[in-house]
Amino acid sequence: MKKLNKNLIVTTVLTVALVLGLTGSAAIFAAASSPVDLLSAGNFVILSKSGITDVPTSAITGNVGTSPITGASITGLDCVEVTGIIYTVDATGPACHVTNATLLIAAVSDMEAAYTNAAGRPGGVGSFLNVGAGTVAGQTLVPGTYTWGSAVTIPTDLMLSGSATDVWIFQIAGTLDMAAAKNVILSGGAQAKNVFWQVSGAVTLGANSHFEGTILAKTNIAMITGATINGRLLAQTAVTLQSNVVSVPVSVSVPVLADVSFLTTAKASAQELITANATESTTLGDHVVGSLATLTSANVAANATSADAQSVVDAQVAALNAAVAAYNLAIVVAPAPTPTPTSVDLLSAGNFVILSKTGITDVPASAITGNIGTSPITGAAITGLGCGEVTGTIYTVDATGPACKVTNAPLLTTAVLDMEAAYTNAAGRPGGVGSFLNVGAGTLTGLTLVPGTYTWGSTVTIPTDLTFDAQGDENAVWIFQIAGTLDMAANKNVILIGGAQAKNVFWQVAGAVTLGAGSHFEGNILAQTNIAMITGATLNGRALAQTAVTLQSNVVTVPSK
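Residues numbered from 1 in each chain as written. Predicted model: local features only at pLDDT ≥ 70, side-chain atom pairs only at ≥ 80, totals over all residues. Heavy atoms only, no water.

1. Focus on the overall build of the protein
Phase 1: The helix and strand inventory of the protein stands at seven helices and 44 strands.
Phase 2: Split into buried and exposed, the 561 residues of the protein put 48% on the buried side.
Phase 3: Here the contacts in the protein between residues at least 6 apart in sequence split such that 53% fall between residues at least 24 apart.
Phase 4: Per element, the accessible surface of the protein, about 21,200 Å² overall, is 59% carbon and sulfur. (Helix = DSSP H or I, 4+ residues; strand = E, 2+ residues; numbered from the N terminus. Buried < 20%, exposed > 50% of the residue type's maximum accessible area, 1.4 Å probe, protein only. Contact = heavy atoms within 4.5 Å. Areas by Shrake-Rupley, 256 points an atom, 1.4 Å probe, with all protein chains shown as cover.)

Spelled out as structure tokens, the structure:
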């Protein structure tokens, strides 16, 4: 037997383990997993072939659909429970449904393809095979593909620990049952969008339990009273709900690991070791799936003459090499992240809640908190707006306008120049890439957006509530670069959570902006043309328009600093 280079073995193992941020034999197989491509099925939070039933009230964020069964099979689920679109193949179903059989046929086909994809991945081995004999109790699972030839139950909290790019695929030949009031917990940056549960049998999520990930079920998915999921319910039979919360997972751009050369060196080192031992004639035996934790210098030295030890090394290093190669490839093709933007400096334009170059009209009564002004057009272009509607100062360039006006042409000239400069600043920021580019093809339906710069080369519409999550950072900034118009649907809302602040949200819009009747909007609108607020719309932010601003009994409030 050829003598092993012990230092090279240990160095290679530790180097690759360090780079991948993983330990144990689990790490070897984890790195090779890639997400399951849901294709158009990913546009749905609930998709079923044979019906969706609900015991209200549930709260669904994302699109819902059934096919080939008719919309009549969606029972108990009211339109107000869904922040998204309910699609059906025919004219039956909830009153708010949208009929689109073609879209649903494609989505169901893609759902079935995704199930087949997940089921066809190389199965888990060693510590990734039949974990807990199907009872997954009190465990923390690292990324990888896990396989069971039986039913799986989760009787206690289950933790999935890994990075934002890591993937978990669970292949389950039987049913999947989550106990009541237990939780799937993500740690270390793990994301629900990268967790896939491929289940041949029925899925049951116990009362008040919380689940994470996309469920690809061959049969039905049942959520018991109060259960919640951050993920998707994609069932090839029925989905049953009982006062549940179902939310489509947020898509987050992930940074690229920069040190590709370091990883390549580790890969080359592993390959050198394999080549050096290529002539050995060994059998892998039961030691092939042994833990990396036991592959130490002392362990190798103690077994230097053992054929089994040689087999362990050969197998472990081969797996390492495959893992590094796959991970290295993933790094090379990963999209660059969108950098977190800094705030747009409005300069003196920030002293106004409404600023216009060609006029402000109002159908009273509106309630404006903050200063307003027009320039270079005269104060006569402010029509319908009474002094009692404004808590602030009305500035004009001349002696015309509301009785309470203050004439200050130099101040307004500077403010308008600063407004134009802020528009140019926002438009000139590095555009969004990857998941920050052309989100939703311009239709922002049921989304929660993390901070960043988002770019569209088209019109943007907001047909449902839209949420911004600052994830605890009150200084988080959003910049929206829109090449066309911006339209907010009636009675919908922009919602700020996680410490997000309206003063840090900037809408740079090349076309006209329309905020629908009864809608609520957040942030600073920097419009190259006009801004129109329809009856009852409210704005916590600023309306800064390079043409006109039109109001109809609105509430406009300057954001707190």
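The structure having been displayed, the exposition proceeds.
2. Topic: the packing of aromatic side chains
Phase 1: Under the counting rule described, the total for this entry stands at 17 aromatic pairs.
Phase 2: With a centroid separation of 5.4 Å and an interplanar angle of 25°, the aromatic rings of Y454 and F480 are classed as stacked. Here Y454 is found in strand β32 (residues 452-456), whereas its partner F480 is found in strand β35 (residues 478-482), with 26 residues between them in sequence.
Phase 3: Grouped by ring-pair contacts, the aromatic residues F436, Y454, W456, F468, W478, F480, W507 and F521 constitute a single cluster. (Phe/Tyr/Trp six-rings, centres within 6.5 Å; stacked < 30°, edge-to-face > 60°.)

3. A word on the nonpolar core
Phase 1: Core analysis: the biggest nonpolar cluster contains 46 residues, and I354, W478, F480, W507 and F521 have the highest contact counts within it.
Phase 2: If we skip the residues at most four places from it in the chain, W507 touches I462, L466, F468, F480, I482, L486, F521, E522, G523, N524, I525 and L526.
Phase 3: Counting 43 residues, the second-largest nonpolar core is a separate cluster that includes I52, L160, I172 and I215. (Core = buried A, V, L, I, M, F, W, Y, C linked by side-chain atoms within 4.5 Å.)

4. Structural notes on unusual backbone geometry
Phase 1: Cis geometry is adopted by the peptide bond preceding P68, which originates at S67 and carries an omega value of 10°.
Phase 2: Take P68: it is sitting in the loop between β4 (63-66) and β5 (74-75).
Phase 3: With an omega of 10°, the peptide bond between S375 and P376 qualifies as cis.
Phase 4: Position of P376 relative to the elements: it lies in the loop between β26 (371-374) and β27 (382-383).
Phase 5: Positive phi outside glycine occurs at A181, with the angle close to 60°.
Phase 6: Relative to the helices and strands, A181 is located in the loop between β14 (176-178) and β15 (184-187).
Phase 7: In the Ramachandran plot, N491 falls in the positive-phi region, its phi being about 65° despite a non-glycine side chain.
Phase 8: Turning to its location among the elements, N491 is positioned in the loop between β36 (486-488) and β37 (494-497).
Phase 9: For N491, a relative accessible area of 55% corresponds to the exposed category.

5. Concerning the confidence of the model for the protein
Phase 1: The predicted model of the protein has a mean per-residue pLDDT of 82, with 78% of residues at 70 or higher.
Phase 2: Within the model, pLDDT remains below 50 along residues 1-32, and this stretch shows 69 contacts once partners closer than five positions in the same chain are excluded.
Phase 3: Segment residues 320-337: pLDDT under 50, and 38 contacts once partners within four positions in sequence are set aside and those in other chains are kept. (pLDDT = per-residue confidence, 0-100.)

6. Considering the pattern of salt bridges
Phase 1: Counted under the stated rule, the structure contains two salt bridges.
Phase 2: A salt bridge links K49 to E112, with the nearest nitrogen and oxygen atoms 2.6 Å apart. Placement of K49 in the loop between β1 (44-48) and β2 (52-55) and of E112 in helix α3 (residues 101-119) is noted, with a sequence separation of 63 residues between them.
Phase 3: Classification of E112 by relative accessible area gives partly exposed; the value is 27%. (Salt bridge = Lys/Arg side-chain N within 4 Å of Asp/Glu carboxyl O.)

7. So, the sheet that holds strand β43 (residues 548-552)
The strands that make up a sheet pair up through hydrogen bonds in the backbone, lying either parallel or antiparallel.
Phase 1: Spatial strand order, β27-β24-β43-β41-β39-β36-β33: seven strands in an open sheet with parallel pairing. Only two strands of the sheet have a single neighbouring strand rather than two, namely β27 and β33 (460-462).
Phase 2: Strand direction decides the pairing type here: β33 and β36, joined by three bridges, are parallel. Opposite T461, over in β36, you have D487 as the bridge partner. (Pairing = 2+ DSSP bridges.)

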